Amino acid sequence: MKTKRQSLSRRKFLATSAVFAAGTSITGPALFGASGGNKNPNSLIKGVQIGVITYSFRSLPDQSADATLQYVLDCGISAIELMGDPAETYAGKPANPVDRRAYYGLRRASQNGESLTEDQMKQMADMEATLSAYNKEVASWRAGVSLDKFEALRKKYNKAGVSIYAFKPDAFRKGNSDTEIEWGLRAAKALGASHVTLEHPEDDAHTLKLGTMARKHKMAIGYHGHEQQTPTLWDVALEQSPANGLNLDLGHYVAAGNEDILGIVKAKNDRILSMHLKDRQSPANGKGNILWGTGDTPLKSALQLMRDNKYRFPGTIELEYDIPEGSDPVSEVKKCLEFCREALT
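What counts, and at which threshold
- Residues numbered from 1 in each chain as written.
- Predicted model: local features only at pLDDT ≥ 70, side-chain atom pairs only at ≥ 80, totals over all residues.
- Heavy atoms only, no water.
- Salt bridge = Lys/Arg side-chain N within 4 Å of Asp/Glu carboxyl O.
- Buried < 20%, exposed > 50% of the residue type's maximum accessible area, 1.4 Å probe, protein only.
- Core = buried A, V, L, I, M, F, W, Y, C linked by side-chain atoms within 4.5 Å.
- Contact = heavy atoms within 4.5 Å.
- Axes fitted to C-alpha atoms, helices over the stretch in contact; angles between N-to-C directions.
- Helix = DSSP H or I, 4+ residues; strand = E, 2+ residues; numbered from the N terminus.
- Parallel < 35°, antiparallel > 145°, perpendicular 65-115°, else oblique.
- Left-handed = near helix turned anticlockwise from the far one by under 90°.
- Nonpolar A, V, L, I, M, F, W, Y, C, P; charged D, E, K, R; others polar.
- Disulfide = S-S within 2.5 Å.
- Polar contact = N/O pair within 3.5 Å; in protein donor to acceptor, adjacent residues only side chain to side chain.
- Expected span 1.5 Å × (residues − 1).

Structural notes on the pattern of salt bridges
Here is step 1 of the chain: Taken as a whole, this structure holds 20 salt bridges when the rule is applied.
Here is step 2 of the chain: One salt bridge in this structure joins K93 and E88, with 3.9 Å as the shortest N-O distance. Like K93, the residue E88 is buried in the burial classification.

With respect to the nonpolar core
Here is step 1 of the chain: Within the largest apolar cluster, 80 residues are counted, with the highest numbers of intra-cluster contacts made by I50, F150, F167, L248, V265 and M275.
Here is step 2 of the chain: Residues contacting L248, with those up to four places away along its chain left out, are Q229, W234, Y253, I264, V265, I272, S274, M275 and H276.
Here is step 3 of the chain: V98, L116, L131 and V138 belong to the second-largest nonpolar core, a separate cluster that totals ten residues.

Remarks on the packing of helix α7 (residues 178–191) against helix α8 (residues 204–216)
Here is step 1 of the chain: Interaxial distance between α7 and α8 falls to 10 Å at its minimum, and their mutual angle equals 50°. In terms of their interaxial angle, α7 and α8 are classed as oblique. As for the relative orientation of α7 and α8, their crossing is right-handed in sense. The residues of α8 that touch α7, namely those facing D178, I181, E182 and L185, are H206, K209, L210, M213, A214 and K216.

Side note on the packing of helix α12 (residues 299–308) against helix α13 (residues 329–344)
Here is step 1 of the chain: The contact between α12 and α13 brings their axes to 9 Å, and the two run at 60°. Judged on the interaxial angle alone, α13 and α12 are oblique. Between α12 and α13 lies a crossing whose hand is right-handed. The residues of α13 that touch α12, namely those facing L299, K300, L303, Q304 and R307, are F339, C340, A343 and L344.
Here is step 2 of the chain: Of the residues assigned to the contact of α12 with α13, the class counts are six nonpolar, one polar and two charged.

As for the state of the cysteines
Covalently bonding the sulfur atom of one cysteine to the sulfur atom of another cysteine gives a disulfide.
Here is step 1 of the chain: Summed over all chains, the structure comprises zero disulfides.
Here is step 2 of the chain: Of all cysteine sulfurs, the one in C336 lies closest to C340, which takes part in no disulfide; the gap is 7.2 Å.
Here is step 3 of the chain: Since its relative accessible area comes to 0%, C340 is described here as buried.

Considering the environment of G245
Here is step 1 of the chain: As for its placement among the helices and strands, G245 is situated in strand β7 (residues 244–249).
Here is step 2 of the chain: A residue is classified by how much of its surface remains accessible, and G245, at 2% relative accessible area, is buried.
Here is step 3 of the chain: For the pair G245 and I272, spaced 27 residues apart in sequence, the C-alpha separation works out to 5.7 Å.
Here is step 4 of the chain: Excluding residues within four positions of it along the chain, G245 makes contact with I221, G222, Y223, W234, L238, R271 and L273.

Side note on the side chain of H252
Here is step 1 of the chain: Inspection of the secondary structure puts H252 in helix α10 (residues 250–255).
Here is step 2 of the chain: What makes H252 buried here is its relative accessible area of 5%.
Here is step 3 of the chain: At 2.9 Å, the side chain of H252 forms a polar contact with the side chain of R280.
Here is step 4 of the chain: Apart from residues no more than four positions distant in its own chain, H252 is found in contact with H224, G225, H226, E227, Q229, K278, R280 and E320.

Re the environment of Y321
Here is step 1 of the chain: Within the secondary structure, Y321 sits in the loop between β11 (315–317) and α13.
Here is step 2 of the chain: Of the residues examined, Y321 reaches a relative accessible area of 6% and is grouped as buried.
Here is step 3 of the chain: Among the polar contacts made by the side chain of Y321, one reaches the side chain of E332 at a distance of 2.6 Å.

Quick notes on α7
Here is step 1 of the chain: Over its 14 residues, α7 extends 20 Å from the first C-alpha to the last, a length consistent with the 20 Å expected when each residue adds 1.5 Å.
Here is step 2 of the chain: The buried count for α7 comes to ten of 14 residues, which makes it a mostly enclosed element.
Here is step 3 of the chain: Buried residues of α7: E180, I181, E182, W183, G184, L185, A187, A188, A190 and L191, and no others.
Here is step 4 of the chain: Residue G192 follows α7 closely and has a positive phi angle near 90°.

Written as structure tokens, this is what we have:
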């Protein structure tokens with residue numbers, strides 16, 4: 001990552017950020033409008049909005065928007081980070097001809113240094129060629145699709161008592177066109193989201209581009225981090241645009257070997273758009289992704305910090321540990337929500 005960047009005075013930067021936030025209502029109670037009755041879920045606990053990323057339900061067979069909504073409701077959660085596929089499929093996106101689970105399994109094995117057989121290598125190459133053609137088809141679809149279906153989906157979710165605070169389609173990568181990026185920002189706004197999320201590209205030119213485009217649309221970009229997270233990972237992007245922010249992952253931050261875990265939350269709370277919650281171990285303990293309350297991530301302290309300091313960003317449950325035999329993703333997300341409730345009350 002480049003280190004050369006324009007310097008902004010702290011006063012000027014905060015003033016610019018304040019004006020932007022005030023004009024776009026990026027975070028705050030208005031984002032999580034009160035539900036319309038006792039039947040609706042309520043995961044706003046002592047002023048802390050607990051949500052879930054719908055990636056948590058990835059192993060369930062039905063990935064439709066309606067099924068996803070039911071999973072969220074069954075968990076008792078009232079606000080979410082919505083993955084792209086349920087919303088886009090609802091709006092008529094062409095079906096993906098590639099088994100993505102099989103493809104990403106092969107790709108992960110290759111990236112981890114595992115030896116693939118000749119047949120597996122050919123299979124992965126064929127899948128990549130098919131995906132390339134499919135991505136062009138999706139780009140064409142996005143360029144012409146109406147946002148009416150996205151607005152209808154927002155109304156459906158809101159009527160059930162669920163708000164969408166973040167949207168994560170695969171439209172913001174370096175390979176995506178400006179048209180797709182514009183589409184992603186407009187679709188997020190139609191869904192009622194305050195920000196979109198994507199993996200941090202570790203490319204200053206791309207974060208500048210995204211921040212500039214997001215500001216134009218009065219949206220925000222939350223950059224997600226894995227084990228490359230450090231206290232300074234986001235600094236360039238934050239200086240580039242007040243529309244750039246953090247989609248901090250507290251569990252990955254621990255597994256990355258950082259020591260002052262709550263320090264980054266305190267230091268950058270005004271630029272955190274949402275924070276993923278999971279329990280991981282430190283490198284010394286194996287970096288495992290394990291049941292909440294059994295790892296090295298100070299989840300309870302982080303939640304209480306959010307409550308006591310009235311931080312306005314949501315905490316997003318991300319289910320990534322192995323599901324115990326006899327259980328399922330909905331049951332495990334419910335356990336995570338109960339962990340949050342006990343920590344906050």
